[in-house]
Amino acid sequence: MSLEAGAPNPAQAEAIRWRGSLASALIRRVALLVAVTAIVLDIAAVVVARQVWLNGLDSDVQAAARNPPAVSAAGQSGPYTSEVYLQVTRGMVMRAFAFSRDQVATLNQEQINGLLSTKADGRVRSVFLADLGMYRVISQVSPAGQWVVGVSMRTVQAAVGSLIILEFILTVTAVIAAAVVAAAVVRRTLRPLTILAGTASRVAAMRLDQGEVQLGRLSGPATNPESEVGRVGLAFNHMLDNVEDALVARHRSEAKVRAFVADASHELRNPLAAIRGYAELMSRDHTLPEQTAVAVNRIDVESRRMSKLVEEMLMLARLDEGTPVTSRPVDIGELLVNAVSDASVAGPDHHWKFDVPDEPLTVMGDENQLHEVVANLLGNARKHTPADTHILASAKRVGQQVVLSVADDGPGVPDALQRHIFERFVRADQARTHDDEGSTGLGLSIVSAVVEAHGGTVTCESVPGATKFTVSLPQAPAG
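In what follows, the accompanying structure is described. Worth saying up front: this structure is predicted, and the values here are computed from it rather than measured.

## Quick notes on the overall build of the protein chain
- Helices and strands together make up the secondary structure of the protein chain, namely 11 helices and 13 strands.
- Residue burial in the protein chain is summarised as follows: out of 479 residues, 37% are buried.
- Across the protein chain, every contact between residues at least 6 apart in sequence was considered, and the portion connecting residues at least 24 apart equals 62%.
- A total of about 28400 Å² of accessible surface is found on the protein chain, and carbon and sulfur atoms cover 58% of it.

Right, dumping it as structure tokens:
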């Protein structure tokens, strides 16, 4: 079985259903809520931790300002990992050093200018020094001149970076864990709803228009009256009870009607045969008055028509009862040729053609019923088309199917009639019936019932000037 271009395969269809399910929506929202909460807490933690660390660093800067390190050419540093020191006396820079890991370097003019730009009010500020980075700096004035002391923010920045990485890992882990836990909890919680949906889908896929129907029921958590889903399940069961009761009543009524039709049809066969026999006997008497002869002829015609109607109703009743089809190999090509030959005799004013391959087209079924299908299709084309209409009957093998079709170039089937053409007692307008046989309205319904009983399908395509009935039947197994 091939898929149409662009159509999703079963796995893709299942993925689409999952993405659109209530469980998927709940899991996504739980994961999103956890993620948003974790991110807000992460930001708050980083801001608070950074401020705490900056407060500690500011205390170190203030302590360094109270006890400036003694700096000499020998390179003695202060107690901090990285700090800067600037002394200005009477407008002249007396000392300008940077300490880093027991190494002392002289500050360049750009770095000195950056430190001198700090307001000398004894408050700690952040200053960026070229080639050195960010520093927390304090500048104050004393009798000996202006002192500027700074401690590097490198340790605080490293700590904040490590905290961000750690929080990112923890956030991702928390979101994944929340999604996994939410999936387990949501699926377990929604299991009764899933059972309800599955039962509803099975009921929706069942054939409810014919036969005796047994609907499933919900049980267990799906009918727990303490939960909302359980109450829905109980209401669903009650609805199924009502539907099943109605279907059982309908089935019993249909069974009675079918039994009555079958019995009545069977019982009418003998009286009708007797009427036909007596009518035929009387018609041989050539001494009858003309009016009596006409009446006897009409009795014979109507009794034959009624006999056909009774036979058709009896066949439909048996098919409705599900009587097993007698399965024997049937050559559709041979059956079609014989049926077209019979139809050409009954309708000599039509142009008949058939197209069948040389090899046998074998199906398993009842030969008499399949002959009835072909005869009804050909008779339908003959009755409802005018003289000189071309009728083509063909059969061919398509894959594992044998396809039989009857096409004509007559006036076509009205659009309003096409939707109901295979229903019972559906007749074309009398103006479109071009013979004196009339129509019982059961021919195409018999076609549909027989084809369905043989596991096939029948369709009708019609526009003015082109009408085609197509029957598809399973090919008989080889050998």
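Having put the structure on the table, let's press on.
## Examining the nonpolar core
- Grouped together as the largest cluster of nonpolar side chains are 38 residues, with contacts concentrated most on Ile332, Leu377, Leu378, Leu404, Val406 and Val471.
- Listed by contribution, the elements that provide at least two residues to this core are α8 (332–346), α9 (367–383), β10 (390–398), β11 (401–408), α11 (443–453), β12 (457–463) and β13 (466–474).
- Discounting chain neighbours no more than four positions away, the residues touching Ile332 are Leu361, Val363, Leu370, Ala395, Val402, Leu404 and Leu473.
- Counting 19 residues, the second largest nonpolar core, distinct from the first, contains Leu54, Leu57, Phe99 and Ile138.

## Section: the environment of Arg397
- With respect to the helices and strands, the residue Arg397 is situated in strand β10.
- On a C-alpha basis, the gap between Arg397 and Val356 in space is 9.8 Å, while along the polypeptide they are 41 residues apart.
- The contacts of Arg397, once residues within four sequence positions are left out, are Glu359, Pro360, Leu361 and Gln475.

## Focus on empty space enclosed by the protein
- This model, assessed by the stated rule, comprises 1 cavity of 30 Å³ or more.
- Taken together, Ile332, Leu370, Val373, Val374, Val402, Leu404, Val471 and Leu473 make up the full set of residues lining the largest cavity.
- Secondary structure elements with two or more residues in the lining of the largest cavity: α9, β11 and β13.
- Looking at which element gives the most residues to the lining of the largest cavity, the answer is α9, with 3 residues.
- Residue composition of the lining of the largest cavity, grouped by class: 8 nonpolar, no polar and no charged.

## Things to note about helix α4 (residues 154–189)
- In this model, α4 (36 residues) spans 51 Å end to end at C-alpha, consistent with the 52 Å of a helix rising 1.5 Å per residue.
- Buried within α4 we find Val156, Val160, Leu163, Glu167, Thr171, Val175, Ala178, Ala182, Ala183 and Val186.

## Overview of the pattern of salt bridges
- For the structure on display, the rule yields 1 salt bridge.
- In this structure, the salt-bridge partner of Arg136 is Asp58, at a minimum N-O distance of 2.7 Å. Here Arg136 is found in strand β5 (residues 133–142), whereas its partner Asp58 is found in helix α2 (residues 22–66), with 78 residues between them in sequence.
- By relative accessible area, Arg136 is classed as buried at 11%.
- Since its relative accessible area comes to 13%, Asp58 is described here as buried.

## Some words on unusual backbone geometry
- Located in the positive-phi region is Asp388, a residue other than glycine, with phi close to 70°.
- Within the secondary structure, Asp388 is located in the loop between α9 and β10.

## Considering a nonpolar patch on the surface
- A cluster of nonpolar residues, Ile165, Phe168, Ile169, Val172, Ile176 and Val180, forms a patch on the protein surface that exposes about 600 Å² of accessible area.
- Its place among the elements puts Ile165 in helix α4.

## Overview of the packing of aromatic side chains
- Per the stated rule, a full pass over the model turns up 1 aromatic pair.
- Aromatic side chains Phe422 and Phe469 sit 6.2 Å apart centroid to centroid with 90° between the ring planes, which places their arrangement in the edge-to-face category. Here Phe422 is found in the loop between α10 (415–418) and α11, whereas its partner Phe469 is found in strand β13, with 47 residues between them in sequence.
- What makes Phe422 partly exposed here is its relative accessible area of 21%.
- Given the relative accessible area of 3%, Phe469 is considered buried.

## Thoughts on the sheet that holds β11
- Judged by pairing direction, the sheet is mixed, and its 5 strands sit side by side in the order β8-β10-β11-β13-β12 without closing on themselves. In the strand order of this sheet, the two ends are held by β8 (351–355) and β12, each with one partner. Within this sheet the neighbouring strands show an average axis-to-axis angle of 15°, counted without direction.
- Pairing between β11 and β13: 8 bridges, direction antiparallel. Each residue of the ladder has a partner; that of Val406, found in β13, is Phe469.
- Packing against the sheet, α9 makes contact with β8, β10, β11 and β13, and its axis sits at approximately 20° to β11.

## Quick word on the packing of α9 against α11
- One way to put it is that α9 packs onto α11 with a least axis distance of 9 Å and a crossing angle of 145°. The two elements α9 and α11 meet at a crossing, and its hand is left-handed. Residues Gln369, Leu370, Glu372, Val373, Asn376, Leu377 and Asn380 of α9 lie in contact with α11, whose contacting residues are Gly443, Leu444, Ile446, Val447, Val450 and Val451.
- Within the contact of α9 with α11, the residues separate by chemical class into 8 nonpolar, 4 polar and 1 charged.

## Looking at the environment of Asn224
- Its location among the elements puts Asn224 in the loop between α5 (191–205) and α6 (228–283).
- Assessed through its relative accessible area of 29%, Asn224 is described here as partly exposed.
- Taking C-alpha positions, Asn224 is 9.1 Å from Pro192, a pair spaced 32 residues apart along the chain.
- Once residues lying within four places of it in the same chain are set aside, the contact partners of Asn224 are Gly230 and Arg231.

So, how was this worked out
Residues numbered from 1 in each chain as written. Predicted model: local features only at pLDDT ≥ 70, side-chain atom pairs only at ≥ 80, totals over all residues. Heavy atoms only, no water. Helix = DSSP H or I, 4+ residues; strand = E, 2+ residues; numbered from the N terminus. Buried < 20%, exposed > 50% of the residue type's maximum accessible area, 1.4 Å probe, protein only. Contact = heavy atoms within 4.5 Å. Areas by Shrake-Rupley, 256 points an atom, 1.4 Å probe, with all protein chains shown as cover. Core = buried A, V, L, I, M, F, W, Y, C linked by side-chain atoms within 4.5 Å. 1 Å grid on protein atoms, 1.4 Å probe; cavity = no way out; pocket = protein on both sides within 12 Å on 5 of 7 lines; lining within 4 Å. Points joined across faces, edges and corners; volume = space filled by probe spheres on them. Nonpolar A, V, L, I, M, F, W, Y, C, P; charged D, E, K, R; others polar. Expected span 1.5 Å × (residues − 1). Salt bridge = Lys/Arg side-chain N within 4 Å of Asp/Glu carboxyl O. Patch = residues over 30% accessible without salt bridge, like charges linked within 9 Å, V, L, I, M, F, W, Y side chains within 5 Å. Phe/Tyr/Trp six-rings, centres within 6.5 Å; stacked < 30°, edge-to-face > 60°. Pairing = 2+ DSSP bridges. Axes fitted to C-alpha atoms, helices over the stretch in contact; angles between N-to-C directions. Left-handed = near helix turned anticlockwise from the far one by under 90°.

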